[in-house]
Amino acid sequence: LRGVKFRNFSIIAHVDHGKSTLADRILEHLGAMGERDKRDQTLDTLELERERGITIKSTPVRLNYTRPNGEEYVFNLIDTPGHVDFNYEVSRSLAACEGVLLLVDASQGVEAQTIVNAYLAIDSNLTIIPVVNKIDLPAADPEGAAQELEEVVGIPAEDAIFASGKTGVGVPEILEAIVERIPAPSGSAQAPLKALIFDSVYDAYQGVLLFVRVLEGKVSPKDKINLFSNGKNFEVDRVGTFSPGLVVGQSLEAGEVGWIAAGIRDIQDAQVGDTITRTDFPTDAPFPGFKPAQPVVFSGLYPTDTEDYRKMREALERLKLNDAAFSFEPETSEALGFGFRCGFLGLLHAEIIQERLEREYDLDLIATAPAVIYRITLTSGEVLTTQNPAEFPTRDRMERVEEPYIKLSVMLPEEHVGPVMQLLQERRGSMVTMNYVGKRVELIYEVPFAEILYDFHDRLKSISRGYASMDYEIIDYREGDLRKVDIYVNNDIVDALAVVVHEDKAYSLGRKIVDKMAEVIPRQMWAVPVQAAIGGKIIARATVKAYRKDVLAKCYGGDVSRKKKLLNKQKKGKARMKQIGTVEVPQEAFLAVLSTE
Ligand code: GTP
C-alpha cells in the first residue's frame, strides 16, 4: 500500500485508569499536539465529556512514528467510548484495529471494565499489549497489577509495559511495542471494497461523515457505494484521514482508517457496524456482527413550560442528527401534557441527552422514571411490547410478561462479597460464577435489567466503600411476575408516575414512592393524599401536610435582601414543577422511584 506501513490500534481501560491522559502523552510524543491543545484532553471533544471525564464519541487520529532505527510508520489510534452503554460502539471500534493497549491502573488493578474490554478485544482476535499505567503513584503496585492481568485475562505478566501517562515513562517502549507486536493490516487493495463503519458524525455542510476502516479494496471520490444493512446507494464526494482534524485525501485503501462524505443526510443510514461496498465491484459478504443501534432504556421527557414544545422538538431533531442510537416520538400524558417518549442505550446516555437539552437548548424538562421494554402476551393471545409503564395492562388482561435480563459482572474486594451478594439477591439476581483474582472477587450474575436501573450502582458503591466496579450486557428476555403500580396525587391518578415492578416488591416500592413524594411535594393550604395502588387497590398512602406559616412570615419586618433571596429561591424551585390538578409536583417526585433508601 503505497509503501506506507500502518499500525491500527485502540486503547481500552476501566473508567479513570488514564486512557485519555496516556493517549495525549502518545500524541505529544509524536508531535501531534500543539501547545494550544495541551490545555485540554484532545481526544475527549464534547464539553460534557470533559466535565464528566469520560469519553463518549470515538475520535480517531493519524500519527507519524519514526523508530529509533529510522523506519517510518503511520499509526491510527482509534479512541473508544468508556462506558457500558456504548459497548457495541467499542466492539466496532476494536474491529477496525489489529491491536489494543489494555491499560490497568497500577494502584487499582484489574476492574470489571478491564475484563469486559479485554474480552471484547480477544473476541475480535486482536493483539493485546498490556500496559500497567500510573506507576508514578505512591500506592502503585505494577507487578501486582500485571500478575492480575495474567490471572484474569491470561496475558503473561512479563509482557506488561510499566508506564505513566503523567510523567511519560514507558511511552517510548509502548510505541516500539505497537510496531513490534501488533500485526500490519492485511487485506488487498485490489479486492472488492469492504469498509466497516465504526462511527459517524453529522456535518452541516457535507452531511453525515462515515468513519471507516477499509478492510479490503479501495474507495475514492465519485465511487458509487452501497450500504449492506439497507441496500441504499450513495456517491462518494470526498474521502480523507484524521490528523486529528479532517484532512482531504485522494483515496482510502485496504488497511487504512479514514472518513467518507457521500451526501448522506440521515444518520440512520450510517449505522455503526454496517459494511460499505462499491456497486460496480461489490464484495459478497459484509463484515460480521452488525447490530442496528437499539435503545433499551426509555423515559418520557416533557417541557415544564408547555410553550417550549416546539423548541424541544427542534432540539431533539438536532440531537438525533448526530446520534443514530437515540430515538424519540411524541407522547401525551394526562398529567404532563405534550412531550416525548425517548429511547436511549442506557442511563448515562439518557443523562447526557437530557443535560444537552437543558444546556445547549436552554430547556427546562421533567423526566419520568426510566423503564425497559416489556413483552406482554395478553389473555386474548395478542403479543405486544411496551416501554411505557402507563400503558402496562392490568393482571387480569395478561397471560404472561417477559422482561430483559443482563449478564452482570462485578469486581470487588473479598471482604465486601457478602453484602454485595445480598444486594444482588434483593435485585432478583442469580449467580452464574464467582472467580477469585488475588484478594478480589469477580461475581457474574444474571439480573433483570430493570433492577439495576433503580439506584443499583449507587448502592453497590456505598456498600463496597467505593471499591466495586461493574459492567453488563443484555442477554435475553425472561418471564416475571410484573405489575403496574399506579400513583394518585390528591385522589387523581398521575399516569406519568406509574412504574412496573415485580410483584414481591410492589408494596415496598409503593411505600417508598409515596413517602418520598410526600417529602418533596411542597406543602399546600390543605392536606394532600398521595397513594400507590395496584389494579385500583391502594397499597400505600402518605400525606403532604397542610402548611401553617407563610414562608415570608419569618422575615416579617426583617431585612429586605433576605426576603428577596427567599423569594428567588422559591422561584427557582418552581422552574421544574408541574401543575397536577391543583398541586404543584416537582421533578424529584417523578424520580421518587430512583431515590436511594
Ligand atoms: P475515561 O475516558 O472515562 O475512560 O477515563 P480515562 O481512562 O481517559 O482517564 P483519564 O485519562 O481522564 O485519567 C483519570 C484520572 O487519572 C485523571 O485525574 C488523571 O489526571 C489521572 N491520571 C491519568 N494518568 C495518570 C498517571 O499516569 N499518573 C497519575 N498519578 N495520575 C494519572
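Residues numbered from 1 in each chain as written. Predicted model: local features only at pLDDT ≥ 70, side-chain atom pairs only at ≥ 80, totals over all residues. Heavy atoms only, no water.

**A short note on the overall build of the protein**
Here's step 1: A count of helices and strands for the protein gives 14 helices and 33 strands.
Here's step 2: A buried classification covers 55% of the 597 residues belonging to the protein.
Here's step 3: Once local pairs closer than 6 in sequence are excluded, the contacts in the protein between residues at least 24 apart make up 69%.
Here's step 4: Counting every atom, the protein has about 26400 Å² of accessible surface; 48% of that belongs to carbon and sulfur. (Helix = DSSP H or I, 4+ residues; strand = E, 2+ residues; numbered from the N terminus. Buried < 20%, exposed > 50% of the residue type's maximum accessible area, 1.4 Å probe, protein only. Contact = heavy atoms within 4.5 Å. Areas by Shrake-Rupley, 256 points an atom, 1.4 Å probe, with all protein chains shown as cover.)

**Observations regarding unusual backbone geometry**
Here's step 1: Even without being glycine, Asn490 reaches a positive phi, approximately 55°.
Here's step 2: Structurally, the position occupied by Asn490 is in the loop between β27 (482–489) and β28 (492–493).
Here's step 3: Take Asn490: its relative accessible area is 21%, and that puts it in the partly exposed class.
Here's step 4: The backbone phi angle of Asn491 is positive, close to 70°, even though this residue is not glycine.
Here's step 5: Within the secondary structure, Asn491 sits in the loop between β27 and β28.
Here's step 6: For Asn491, a relative accessible area of 51% translates into the label exposed.

**Here's the deal with the side chain of Thr368**
Here's step 1: Relative to the assigned elements, Thr368 resides in the loop between β20 (365–367) and β21 (374–378).
Here's step 2: Side-chain polar atoms of Thr368 contact the backbone nitrogen of Gly300, separated by 2.8 Å.
Here's step 3: Excluding residues within four positions of it along the chain, Thr368 makes contact with Ser299, Gly300, Tyr302, Leu336, Arg341, Ala496, Phe590 and Leu591. (Polar contact = N/O pair within 3.5 Å; in protein donor to acceptor, adjacent residues only side chain to side chain.)

**Here's the deal with empty space enclosed by the protein**
Here's step 1: In total, this model carries two cavities of 30 Å³ or more according to the counting rule given.
Here's step 2: Of the pockets and cavities examined, the largest cavity occupies roughly 50 Å³.
Here's step 3: Taken together, Ala369, Ala496, Leu497, Ala498, Val499, Ile513, Ala589, Phe590, Ala592 and Val593 make up the full set of residues lining the largest cavity.
Here's step 4: Along the lines of polarity and charge, the residues of the lining of the largest cavity split into 10 nonpolar, no polar and no charged.
Here's step 5: Counted as a void, the second largest cavity has a volume near 30 Å³.
Here's step 6: Lining the second largest cavity are Ala371, Tyr374, Pro389, Ala450, Tyr454 and Val500. (1 Å grid on protein atoms, 1.4 Å probe; cavity = no way out; pocket = protein on both sides within 12 Å on 5 of 7 lines; lining within 4 Å. Points joined across faces, edges and corners; volume = space filled by probe spheres on them. Nonpolar A, V, L, I, M, F, W, Y, C, P; charged D, E, K, R; others polar.)

**Brief notes about helix α1 (residues 19–29)**
Residues three or four positions apart in an α-helix share a direction because the helix packs 3.6 residues into each turn.
Here's step 1: With eight of 11 residues buried, α1 lies mostly within the body of the structure.
Here's step 2: Along α1, the residues classified as buried are Lys19, Ser20, Leu22, Ala23, Asp24, Arg25, Ile26 and Leu27.
Here's step 3: Elements that come into contact with the buried residues of α1 comprise β1 (6–13), β2 (60–66), β3 (72–78), β4 (99–105), β5 (127–133) and α6 (171–181).
Here's step 4: Gly31 occupies a position one or two residues after α1 and carries a positive phi of about 65°.

**A closer look at the packing of helix α3 (residues 87–95) against helix α4 (residues 112–123)**
Here's step 1: Orientation of α3 relative to α4, taken along the N-to-C sense of each, is 40°, at an axis distance of 9 Å. It follows from the interaxial angle that α3 and α4 lie oblique. Handedness of the α3/α4 crossing: right-handed. From α3, Asn87, Val90, Ser91 and Leu94 reach across to α4, where they touch Val116, Asn117, Leu120 and Ala121.
Here's step 2: For the contact of α3 with α4, the class distribution of residues is five nonpolar, three polar and no charged. (Axes fitted to C-alpha atoms, helices over the stretch in contact; angles between N-to-C directions. Parallel < 35°, antiparallel > 145°, perpendicular 65-115°, else oblique. Left-handed = near helix turned anticlockwise from the far one by under 90°.)

**Here we look at the pairing of strand β30 (residues 528–534)**
For a regular strand, side-chain orientation follows a simple rule: the groups alternate between the two sheet faces.
Here's step 1: Judged by how many residues are buried, β30 sits mostly within the fold: six of seven residues are covered.
Here's step 2: In the sheet, β27 pairs with β30 via four bridges, with the strands oriented antiparallel. Its bridge partner lying in β30, Val489 is registered against Val530.
Here's step 3: Here seven bridges tie β30 to strand β31 (residues 537–544), and the two strands are oriented antiparallel to one another. Paired with Val530 across the strands is Ala542, a residue of β31.
Here's step 4: Between the antiparallel neighbours β30 and β31 lie two residues, among them Gly535 with a positive phi of about 50°. (Pairing = 2+ DSSP bridges.)

**Some words on the nonpolar core**
Here's step 1: In terms of nonpolar packing, the biggest core is built from 67 residues, with Tyr374, Leu408, Val410 and Met517 touching the most fellow members.
Here's step 2: Looking at this core, the element that brings in the most residues is helix α12 (residues 506–520), giving seven residues.
Here's step 3: Ignoring anything within four residues of it in the chain, the contact list for Val410 reads Val420, Val441, Glu442, Leu443, Leu460, Ala468, Ser469 and Met470.
Here's step 4: Formed by 37 residues, the second largest nonpolar core is a distinct cluster that contains Val104, Ala112, Ala145 and Ile155. (Core = buried A, V, L, I, M, F, W, Y, C linked by side-chain atoms within 4.5 Å.)

**Describing the sheet that holds β3**
Here's step 1: Read from one edge of the open sheet, six strands run β2-β3-β1-β4-β5-β6, paired in mixed fashion. Two strands lie at the open edges of the sheet, namely β2 and β6 (161–162), each paired on one side alone.
Here's step 2: In the sheet, β1 pairs with β3 via five bridges, with the strands oriented parallel. Bridged to Ser10 within β3 is Ile78.
Here's step 3: Set on the sheet, α1 makes contact with β1, β2, β3, β4 and β5; between it and β1 the angle comes to about 150°.

**Comments concerning the confidence of the model for the protein**
Here's step 1: For the protein, mean pLDDT is 87; residues scoring 70 or higher make up 89% of the total.
Here's step 2: Note that residues 553–558 has pLDDT below 50 and, in this model, four contacts with residues that lie over four places away or in other chains.
Here's step 3: In this model, residues 569–574 is a region of pLDDT below 50 whose contacts with residues beyond four sequence positions or in other chains number two contacts.
Here's step 4: Across the interfaces of the predicted complex, the ipTM metric reaches 0.97, alongside a pTM of 0.80. (pLDDT = per-residue confidence, 0-100.)

**Looking at the pattern of salt bridges**
Opposite charge on two side chains allows them to pair when their charged atoms are near.
Here's step 1: As enumerated under the stated definition, the model contains 32 salt bridges in all.
Here's step 2: A salt bridge links Glu71 to Lys5; the shortest N-O distance between them is 3.0 Å. Of this pair, Glu71 sits in the loop between β2 and β3 while Lys5 is found in the segment before β1, placing the two residues 66 residues apart along the sequence.
Here's step 3: Residue class for Glu71 comes out partly exposed when judged on its relative accessible area of 27%.
Here's step 4: Given the relative accessible area of 34%, Lys5 is considered partly exposed. (Salt bridge = Lys/Arg side-chain N within 4 Å of Asp/Glu carboxyl O.)

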